[in-house]
Amino acid sequence: MIIKNGLVFQEDGSYQKEDIYIENHKIVSSLSEVTDQTVIDATGLKVIPGLIEIHSHGAFGHDFSDADVEGLNIILQYEKSHGITSYCPTSMTLGIDTLQDVFGTASQVKPDPSKATIVGINMEGPFLDPEKKGAHDGSYIVKLSSEFFDRCQEASHGMIKLVTVAPNATGAMDFIREKKDEVTISLGHTSADYDCCMEAFQAGAKHVTHLYNAMPAYSHRAPGLVGAASDTENSYVELISDGIHVHPSVIRATFKMFPNRVILVSDSMMATGMENGTYELGGQEVTVVDGKATLKNGTIAGSATNLFDCMKRAISFGVPEGDAILSATKNPAKSIGIFDTVGSITVGKEADLLLVTEDFTLKQVI
């Protein structure tokens with residue numbers, strides 16, 4: 001396949017008009033390497049990398065935590081149709097037996113061009129701070145345990161790429177030091193202060209779960225996890241840009257505060273792609289009205305949007321276009337260690353590509 005005449009997104013955030021050559025769904029360097037010379041004319045269109053969603057619980061009526069392979073397949077089909085080509089299904093805080101069943105479903109998914117590719121699993125719970133549990137069920141929060149994590153990792157066949165840890169939990173620093181080379185450690189769902197968070201980053205954490213949400217507010221005398229992440233230049237921070245979880249002004253400020261380190265995520269739940277109504281998240285009832293998802297007590301739960309729309313909203317909020325795209329492609333790929341295969345339009349990588357109009361209407365997913 002050959003994509004001609006498109007404005008192709010570059011790793012530095014710019015565009016360049018060039019042709020793309022594809023063989024066996026890999027980007028190759030020249031026409032001579034292409035067997036199927038079908039041409040897609042991208043005149044007037046931009047070509048950007050397929051988006052990489054690393055924090056999403058579900059979509060289109062299904063939740064990863066349902067431990068249902070067919071439901072997961074439907075989620076993956078929805079994601080692919082909306083420009084997400086690489087996907088990390090994300091678990092909620094549940095019991096060990098349930099989590100093992102949930103994680104086991106990911107390895108049962110068969111590759112299919114109609115579905116996003118599972119590139120890892122995000123284990124968001126249960127190593128959380130009860131004071132900042134958010135929409136998670138506090139009755140399932142457990143003490144940090146390498147044995148607990150190892151059982152989950154074994155059930156997933158080694159697919160867990162990201163795990164959230166409250167740094168103020170007992171044993172957190174030892175856990176981080178032990179597991180930092182096996183999995184990306186993300187700090188989140190915590191009431192920890194700046195010093196505790198800095199100790200965790202120095203121990204090997206390098207990621208933050210949905211910045212601002214489920215953590216103390218950033219204050220001039222108590223900067224907390226937000227300030228510690230800002231001072232840790234090798235860390236990445238997730239940001240939910242749905243216009244509900246974080247104010248547009250703060251979204252703009254975050255891209256300035258964390259240059260080249262923001263990762264856009266949707267934190268989507270099963271209500272994504274569905275009508276207003278009542279749904280579930282981690283076994284808890286969630287009501288969705290006009291895109292806002294809340295528990296019975298009013299706590300904001302996951303979102304009812306997808307990553308492509310979050311990226312578009314970030315741009316509409318005033319985030320530079322290149323930065324917004326990189327935060328949904330290159331940055332998540334680098335954080336979970338898959339940038340060698342996806343995340344940019346580069347020779348040798350997967351040909352996961354989106355053709356979009358000037359105003360980011362999605363025209364084709366490759």
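Our subject in this report is the structure included herewith. Because the structure is predicted, anything quoted here is derived from the model rather than measured. (Residues numbered from 1 in each chain as written. Predicted model: local features only at pLDDT ≥ 70, side-chain atom pairs only at ≥ 80, totals over all residues. Heavy atoms only, no water.)

**Some points on the pattern of salt bridges**
Turning to step 1, where the next piece is worked out: Overall, the coordinates contain nine salt bridges when judged by the stated rule.
Turning to step 2, where the next piece is worked out: Its salt-bridge partner being Lys4, residue Asp19 comes within 3.0 Å of it at the nearest N-O pair. Here Asp19 is found in strand S2 (residues 15–23), whereas its partner Lys4 is found in strand S1 (residues 2–9), with 15 residues between them in sequence.
Turning to step 3, where the next piece is worked out: With a shortest N-O distance of 2.9 Å, Lys46 and Glu321 are connected by a salt bridge. Note that Lys46 is positioned in strand S5 (residues 46–49) and Glu321 in helix H9 (residues 321–326), a separation of 275 residues in sequence. (Salt bridge = Lys/Arg side-chain N within 4 Å of Asp/Glu carboxyl O. Helix = DSSP H or I, 4+ residues; strand = E, 2+ residues; numbered from the N terminus.)

**Describing the side chain of Ser241**
Turning to step 1, where the next piece is worked out: Along the chain, the position of Ser241 falls in the loop between strand S15 (236–240) and helix H7 (248–257).
Turning to step 2, where the next piece is worked out: Its relative accessible area of 0% is what places Ser241 among the buried residues.
Turning to step 3, where the next piece is worked out: Beyond its immediate stretch of four places on either side in the chain, Ser241 contacts Ile251, Leu264, Val265, Cys310, Arg313, Ala314 and Phe317. (Buried < 20%, exposed > 50% of the residue type's maximum accessible area, 1.4 Å probe, protein only. Contact = heavy atoms within 4.5 Å.)

**Considerations on helix H1 (residues 69–81)**
Turning to step 1, where the next piece is worked out: For H1, spanning 13 residues, the distance from its first C-alpha to its last is 19 Å, which sits close to the expected 18 Å at 1.5 Å a residue.
Turning to step 2, where the next piece is worked out: Among all positions in H1, only Val69, Gly71, Leu72, Asn73, Ile75, Leu76, Tyr78, Glu79 and Lys80 are buried.
Turning to step 3, where the next piece is worked out: One side-chain oxygen at the N-terminal end of H1 lies 3.3 Å from the backbone nitrogen of Glu70; it belongs to Asp68.
Turning to step 4, where the next piece is worked out: One or two residues past the end of H1 sits Gly83, with phi positive at roughly 90°. (Expected span 1.5 Å × (residues − 1). Polar contact = N/O pair within 3.5 Å; in protein donor to acceptor, adjacent residues only side chain to side chain.)

**Quick notes on the nonpolar core**
Turning to step 1, where the next piece is worked out: If you look at the biggest cluster of nonpolar residues, it comprises 74 residues, and the most contacted ones within it are Leu51, Phe103, Met123 and Met311.
Turning to step 2, where the next piece is worked out: Top element by residues in this core is helix H5 (residues 194–203). It accounts for six residues.
Turning to step 3, where the next piece is worked out: Every residue in contact with Leu51, bar those within four places of it in the chain, is listed here: Gly83, Ile84, Thr85, Ser86, Leu307, Phe308, Met311, Ala328, Thr329 and Leu354. (Core = buried A, V, L, I, M, F, W, Y, C linked by side-chain atoms within 4.5 Å.)

**Structural notes on the pairing of strand S18 (residues 284–289)**
Turning to step 1, where the next piece is worked out: As paired strands, strand S17 (residues 277–281) and S18 are joined by five bridges and run antiparallel to one another. Looking at S18, one finds that Tyr279 is bridged to Val286.
Turning to step 2, where the next piece is worked out: Hairpin geometry of S17 and S18 is characterised by an intervening segment of two residues between the two adjacent antiparallel strands and by a positive phi of about 60° at Gly282.
Turning to step 3, where the next piece is worked out: Two strands pair when backbone bridges link them, and S18 and strand S19 (residues 292–294) are joined in this way by three bridges, in the antiparallel orientation. By the bridge assignment, Val289 is partnered in S19 with Lys292.
Turning to step 4, where the next piece is worked out: With antiparallel pairing between neighbouring strands as the criterion, S18 and S19 make up a hairpin whose turn holds two residues, including Asp290 at a positive phi of roughly 50°. (Pairing = 2+ DSSP bridges.)

**Quick look at a nonpolar patch on the surface**
Turning to step 1, where the next piece is worked out: On the surface, Phe60, Ile74 and Met274 cluster together into a nonpolar patch covering about 240 Å² of accessible area.
Turning to step 2, where the next piece is worked out: Within the secondary structure layout, Met274 lies in the loop between strand S16 (262–265) and S17. (Patch = residues over 30% accessible without salt bridge, like charges linked within 9 Å, V, L, I, M, F, W, Y side chains within 5 Å. Areas by Shrake-Rupley, 256 points an atom, 1.4 Å probe, with all protein chains shown as cover.)

**Considering unusual backbone geometry**
Turning to step 1, where the next piece is worked out: Looking along the chain, the bond that leaves Gly125 and enters Pro126 is cis, with omega of 20°.
Turning to step 2, where the next piece is worked out: Position of Pro126 among the secondary structure elements: in the loop between strand S11 (121–123) and helix H3 (146–155).
Turning to step 3, where the next piece is worked out: For Asn260, which is not glycine, the phi torsion reads 65° and is therefore positive.
Turning to step 4, where the next piece is worked out: Secondary-structure assignment places Asn260 in the loop between H7 and S16.
Turning to step 5, where the next piece is worked out: One non-glycine residue, Asp267, lies in the positive phi region at around 55°.

Geometric values such as these leave the question of function open.
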